[in-house]
Amino acid sequence: MTPGSLNALRRDRELTALAGGERVDLVVVGGGVTGAGIALDAAARGLSVALIEAYDLAYGTSRWSSKLVHGGLRYLAKGDLALAHESAVERGILMTRTAPHLTRALPQLFPMYRETSRGQQAFIMTGLVAGDGLRRAAGTPASVLPRPRSIPAAEALALAPGLSPQGLRGALLAYDGALTDDARLVVNLARTAASRGAKILTRVEALRLDAESVLARDRLTGQEIEIRTRQVINATGVWAGELAESVRLRPSRGSHLILASGAARIGATSVNVPVPGENNRFVFLLPQPDGRVFVGVTDEPTEGPVPRVPSVPESDVDFLLEVASTAFTRPLTRADVAGSFAGLRPLVEGGGRSADLSRKHAVVTGADGVLTVVGGKLTTYRRMAEDAVDAALKRSGLLAGPSTTSRLPLLGATPRSRLSIVDAPARLVAKYGTEAPRVAALGEVDPELGRPLHGGTEISAAEVVWAVRHEGALDVEDVLERRTRLGLVTPDAEAARARVQELVDKSLAGLA
Ligand SMILES: Cc1cc2nc3c(=O)[nH]c(=O)nc-3n(C[C@H](O)[C@H](O)[C@H](O)COP(=O)(O)OP(=O)(O)OC[C@H]3O[C@@H](n4cnc5c(N)ncnc54)[C@H](O)[C@@H]3O)c2cc1C
């Protein structure tokens, strides 16, 4: 086992130490991108840190995102230059330094039809050019994210053959960042934190907090433990208000559909379709490595208790299919939908409709001294983490240097130019970076592990074994839902379930 390995054995050892009274500098509650980012920032500054997560890493909103590493264009359109710049800087850090292996440049096509007014076309192009200015200001080279340009209709159709040619005048082509998978970023952050000594404890739920202690329950045994610390940070996203009364959130639901392979025919290019009657809002189609296409995204305020796993209402399905269909030769129907998922944005309470609420983050100190980090987005997790740890140092009097995470490659990272020489299949390199040969080697030692889980997927048995040995997967759901993402399409998960169960059982037994 390497220092960055998370598994059941390590969890037991570290939880026993905390239950026995070991005190840590920081306790982070919540194992989404924000909490995992904080654990890494703190551990990299030499602080002792424990992260507790009620279910599994990336159990919450962080696995339901659009998987975009935004350059801040949207915020620019709303006149928030500072937020747009922050987003572009963080995008550049992720794509060039900390996680080139998990990110890629995503071509984005904006088709221009006869009905698109010249004014609207100029508005979009001005935005894209300004977005490119942000890229330059953030120091991200055009070799990583090429400049935007206008292209003729024929080129647009070559890129996305499913587009309707009727009235197509041409298109604008730009580039933004995209993640291979959002849950994988979270697991990778947590493992990198663990490699620097952080305790990462899943299935441990915070019941009650104050500034210097957490009453937690081990969900596997039911045992309650008091964890003592110098500062507690609440990073529970959309659930933050359940632990910190002073925090008021206004969750907004975002739904995506998953179209079956071949339904939309957009190749490797994402397509942005304008929402009729709205100036700066699009429904986008995002190509996935397996040939399927995500269609997103809605933005609807939600009321009442926060569900653990949100569901997609029929109205969101209708809206997404209807808008997306306006740009395609063959209208998209429910028969094209292989799956769907929804997430809740942890937006900070404020006036206005949810699509207009700021995606800024805030670090709030409660009357009890607990720090809560809310708002923000996946792209800016690193900056959120830096701000949270700075605030924790200030409040607790702990001493540590400044954040180092902008220069700290995650496990498996290497400069983009070197990814192509990693000696493993490209599919594995996009998931594991320089660790891909270790995953592939499992299948060389035991050819059974080199084989796919079943005929309909490329995911191998070795990936399941790796997930249990090194990525903190504790059961079959962790593997299906958050390590492999087979759970996004129910028949995929069911086809793999029995084999995954067998591999999980064997791998857990092998840890002892
Ligand atoms: C539809 C949608 C699309 C999005 N697309 C993008 C995008 O493309 N790019 C981008 O940058 N951002 C995007 N975002 C925003 C981004 O996904 C979120 O801002 C981010 O994931 C929030 O992460 P988090 O760690 O704060 O919260 P979460 O990921 O929700 O993590 C909170 C964790 O806390 C745990 N928890 C809760 N209560 C307790 C407790 N009592 N004890 C212990 N643990 C607890 C939960 O189980 C959960 O795992 C999108 C959001 C949505 C909803």
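- The name given to the chain in an unreviewed UniProt entry is Glycerol-3-phosphate dehydrogenase, with Amycolatopsis decaplanina DSM 44594 as the source organism.
- The chain has a UniProt comment under Cofactor (unreviewed entry) that states "FAD".

## Examining the overall build of the chain
For step 1, the next point in the chain: Counting its secondary structure elements, the chain contains 17 helices and 18 strands.
For step 2, the next point in the chain: The C-alpha radius of gyration of the chain comes to 22 Å, within 12% of the 24 Å expected for a compact globule of 512 residues.
For step 3, the next point in the chain: By its C-alpha atoms, the chain is 70 × 55 × 45 Å across when sized along the principal axes.
For step 4, the next point in the chain: Taking all 512 residues of the chain together, the buried fraction comes to 59%.

## Thoughts on the pattern of salt bridges
For step 1, the next point in the chain: Inspection of every chain in the model, using the stated rule, returns 46 salt bridges.
For step 2, the next point in the chain: Here Glu 22 makes a salt bridge to Lys 199, at a shortest N to O gap of 2.7 Å. Of the two residues, Glu 22 is situated in the loop between helix 1 (8-19) and strand 1 (24-29) and Lys 199 in strand 7 (residues 199-202); the sequence distance between them amounts to 177 residues.
For step 3, the next point in the chain: Residue Glu 22 is classed as partly exposed on the basis of its relative accessible area, which comes to 32%.
For step 4, the next point in the chain: Between Lys 67 and Asp 182 there is a salt bridge; the shortest N-O distance is 3.0 Å.

## Looking at helix 1
Helical geometry: 3.6 residues make up each α-helical turn, so side chains three or four residues apart lie on a common side.
For step 1, the next point in the chain: With 12 residues, helix 1 ought to run about 16 Å at 1.5 Å a step, and its terminal C-alpha atoms sit 16 Å apart, in line with that.
For step 2, the next point in the chain: Of all the positions in helix 1, only Arg 10, Arg 11, Glu 14, Leu 15 and Leu 18 are classed as buried. With its buried residues spanning 120 degrees around the axis, helix 1 presents them on a single face. Exposed and oriented more than 90 degrees from the buried face of helix 1 are Arg 13 and Thr 16.
For step 3, the next point in the chain: Between the side-chain oxygen at the start of helix 1 and the backbone nitrogen of Leu 9 there is a gap of 3.2 Å, and the oxygen is on Asn 7.
For step 4, the next point in the chain: Where helix 1 ends, the next residue or the one after it, Gly 21, has phi of about 110 degrees, a positive value.

## So, the site of the ligand
For step 1, the next point in the chain: Taken together, 40 residues lie near the ligand, and Thr 34, Glu 53, Ser 62, Leu 68 and Thr 379 sit nearest.
For step 2, the next point in the chain: Backbone polar atom of Ala 54 to a nitrogen atom of the ligand: 3.1 Å apart, as the coordinates give it.
For step 3, the next point in the chain: The side chain of Ser 62 places a nitrogen or oxygen atom 2.5 Å from an oxygen atom of the ligand.
For step 4, the next point in the chain: Here the ligand loses 96% of its free accessible area of 1000 Å² to cover by the protein chains.
For step 5, the next point in the chain: Of all elements in the fold, only helix 2 (33-44), strand 2 (49-53), strand 8 (204-210), strand 11 (252-259) and strand 16 (337-345) reach the threshold of two or more residues within the shell around the ligand.
For step 6, the next point in the chain: Here the residues of the shell around the ligand are counted per class, giving 17 nonpolar, 17 polar and 6 charged.

## A few points about a negative patch on the surface
For step 1, the next point in the chain: A cluster of acidic residues, Asp 210, Glu 212, Glu 226, Glu 245 and Asp 368, forms a negative patch on the protein surface.
For step 2, the next point in the chain: Structurally, the position occupied by Glu 226 is in strand 10 (residues 224-234).

## Looking at the domain arrangement of the chain
For step 1, the next point in the chain: Segmenting the chain into domains produces domain 1 (8-62 + 183-249 + 357-407), domain 2 (103-177 + 251-344) and domain 3 (420-511).
For step 2, the next point in the chain: One C-alpha centre belongs to domain 2, the other to domain 3, and the line joining them spans 30 Å.

Reading the values: rules and limits
Residues numbered from 1 in each chain as written. Predicted model: local features only at pLDDT ≥ 70, side-chain atom pairs only at ≥ 80, totals over all residues. Heavy atoms only, no water. UniProt positions renumbered as here; feature names shortened; annotations may be inferred. Helix = DSSP H or I, 4+ residues; strand = E, 2+ residues; numbered from the N terminus. Rg over C-alpha atoms; globule rule 2.2 N^0.38 Å. Buried < 20%, exposed > 50% of the residue type's maximum accessible area, 1.4 Å probe, protein only. Salt bridge = Lys/Arg side-chain N within 4 Å of Asp/Glu carboxyl O. Expected span 1.5 Å × (residues − 1). Arc of directions from axis to C-beta. Polar contact = N/O pair within 3.5 Å; in protein donor to acceptor, adjacent residues only side chain to side chain. Near = heavy atom within 4 Å. Areas by Shrake-Rupley, 256 points an atom, 1.4 Å probe, with all protein chains shown as cover. Nonpolar A, V, L, I, M, F, W, Y, C, P; charged D, E, K, R; others polar. Patch = residues over 30% accessible without salt bridge, like charges linked within 9 Å, V, L, I, M, F, W, Y side chains within 5 Å. Lys, Arg positive; Asp, Glu negative; His and termini not counted. Charge placed at Lys NZ, Arg CZ, Asp CG, Glu CD. Domains from an automatic or database assignment.

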